[in-house]
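Structure assessment
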Amino acid sequence: MFCISISHKNAGAEIREKLVFTSEIQRELMTDICSLGKVTQCVFLCTCNRTEVYFCGNSGSVEEVKHILAKYSKTDETVLAPYFRQYHGDKAIHHLFEVACGIDSMVIGEDEILGQTKNAYTAAKEWGTVSYELNIIFQSAIACAKKIKTETALSKTSVSIATLAANEAKKLGENVNVLVIGATGKTGMTVLKNLLSYKNVNITATLRSHNTGFGTAADSLFKTADYTDRYSFTNEADCVISATSSPHYTITLNRLKESLIHKKDRLFIDLAVPADIEENITQLEGVKRIGIDYFEKLAQENNALKLDSVDAAEQIIEEETDTLKKDIAFHNYLPFRENTGTEISEKLLYQLKSELDSSQFAAVLEVLKNYKEHS
């Protein structure tokens with residue numbers, strides 16, 4: 001297995017946003033990758049902090065996959081080349097496990113990535129771009145992430161980008177007026193829930209429907225507004241948080257300039273990749289804008305508190321990946337079993353699998369596969 005990755009670890013939002021695609025485009029991209037002939041399976045994971053392709057193929061397919069990513073991003077490959085990271089074999093498996101459990105996230109232990117990993121795998125299954133190897137690898141990574149969530153403190157009192165954004169709004173003072181654009185999306189919904197946990201925060205949320213996930217009590221918890229009326233509410237807002245999947249700006253300088261009548265300090269928080277809010281709105285008096293990269297520094301403080309949990313999580317990953325590699329080795333051995341010329345029992349095979357580590361077990365199976373040839 002290979003993984004090609006561009007993530008928050010070595011690329012800013014201006015690079016990452018070039019590799020954010022709709023689900024329809026992702027499907028086309030994966031189909032193109034699997035049509036190479038050198039690639040047999042593929043899963044595409046795309047979030048605001050990372051774009052990753054996991055695939056099974058030969059080493060010659062790596063550069064071709066990079067070429068396809070550049071083509072779909074409409075970016076010269078030489079621009080993206082310094083930001084590509086690639087993993088192969090055991091390192092690719094280990095990387096996926098770290099991603100799924102949140103160790104590799106900007107905010108260590110954040111909850112959203114597990115669901116995003118599951119969704120990426122589910123989409124690949126629906127589109128027919130996975131078979132045995134990626135099925136068992138992704139299933140094992142997801143199961144391991146759930147185990148880590150249960151057995152360690154990695155995700156306890158977890159802090160996400162959405163949580164940090166809501167906290168920035170709360171720090172503005174008492175009776176803060178907050179406008180949330182994109183409240184029906186996953187990130188927007190998390191922002192909304194965090195804001196609702198604070199007292200003296202007045203919330204207006206732009207919604208496409210009244211189905212907010214808070215039931216009939218929603219109207220008493222916050223105000224709702226049609227998305228098309230969003231500029232009407234920026235004038236009274238102390239803070240505007242935008243988190244949509246729109247390919248277009250939700251807030252532009254010219255429209256904002258027309259809507260702001262009262263002069264006061266306003267904070268605009270952009271949690272979208274690609275960006276929702278034009279950067280040049282800071283030309284307006286009293287307007288401050290922060291994007292998703294801003295929260296990396298805040299995340300570092302949260303991450304420092306979780307280093308002990310990371311060590312515990314890494315131990316679980318080592319155990320679970322070793323089991324996974326033994327399962328794959330055993331699966332690949334089965335077609336050769338009847339032709340080995342040995343009388344080794346199934347019970348002994350499972351005992352060996354249980355007591356040996358993955359490299360030892362693979363070595364034993366390799367000897368068994370070659371036994372008849374050399375006997």
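The notes below deal with the structure included here. (Residues numbered from 1 in each chain as written. Predicted model: local features only at pLDDT ≥ 70, side-chain atom pairs only at ≥ 80, totals over all residues. Heavy atoms only, no water.)

**Some words on the nonpolar core**
- If you look at the biggest cluster of nonpolar residues, it comprises 61 residues, and the most contacted ones within it are Phe55, Leu69 and Ile137.
- A total of nine residues in this core trace back to one element, the largest contributor, which is helix α7 (residues 132–151).
- Those residues within four positions of Leu69 in sequence are excluded, and the remaining contacts are Ile4, Leu19, Phe21, Leu29, Phe44, Val53 and Phe84.
- By size, the runner-up hydrophobic cluster in this structure holds 32 residues, among which are Leu195, Phe222, Ile241 and Ala243. (Core = buried A, V, L, I, M, F, W, Y, C linked by side-chain atoms within 4.5 Å. Buried < 20%, exposed > 50% of the residue type's maximum accessible area, 1.4 Å probe, protein only. Helix = DSSP H or I, 4+ residues; strand = E, 2+ residues; numbered from the N terminus. Contact = heavy atoms within 4.5 Å.)

**Digging into the sheet that holds strand β7 (residues 223–226)**
- The strand order β7-β6-β5-β8-β9-β10 describes an open sheet built from six strands, whose pairing is parallel. Of all strands in the sheet, those with a lone pairing partner are β7 and β10 (287–290), marking the two edges. Within this sheet the neighbouring strands show an average axis-to-axis angle of 20 degrees, counted without direction.
- Where strand β9 (residues 266–270) lies against β10, four bridges are found, and the strand directions are parallel. Counterpart to Arg266 in the pairing with β10 is Val287. (Pairing = 2+ DSSP bridges. Axes fitted to C-alpha atoms, helices over the stretch in contact; angles between N-to-C directions.)

**Digging into the state of the cysteines**
- Across all of its chains, the model carries zero disulfides by this definition.
- No disulfide involves Cys42; its nearest neighbouring cysteine sulfur is the one of Cys34, lying 4.9 Å away.
- Look at Cys42 and you get buried, because its relative accessible area is 0%.
- Cys239 forms no disulfide, and the closest cysteine sulfur to it belongs to Cys48, at a distance of 17 Å. (Disulfide = S-S within 2.5 Å.)

**Section: the layout of surface pockets**
- The space that makes up the second largest pocket amounts to roughly 320 Å³.
- Counted by class, the lining of the second largest pocket contains eight nonpolar, two polar and six charged residues. (1 Å grid on protein atoms, 1.4 Å probe; cavity = no way out; pocket = protein on both sides within 12 Å on 5 of 7 lines; lining within 4 Å. Points joined across faces, edges and corners; volume = space filled by probe spheres on them. Nonpolar A, V, L, I, M, F, W, Y, C, P; charged D, E, K, R; others polar.)

**Re the environment of Thr187**
- Here Thr187 shows up in helix α9 (residues 186–196).
- Separated by 126 residues in the primary sequence, Thr187 and Ala313 place their C-alpha atoms 25 Å from one another.
- Dropping the residues within four chain positions of it, Thr187 is found in contact with Ala162, Ala243 and Leu271.

**Description of the packing of aromatic side chains**
- For the coordinates displayed, the defined rule picks out seven aromatic pairs.
- Counting every residue linked through ring pairs, the aromatic cluster contains Tyr54, Tyr121 and Phe138.
- One residue, Arg230, lies across the ring of Tyr227, its end atom 4.0 Å from the ring centre. (Phe/Tyr/Trp six-rings, centres within 6.5 Å; stacked < 30°, edge-to-face > 60°. Lys NZ or Arg CZ within 6 Å of the ring centre and 35° of its normal.)

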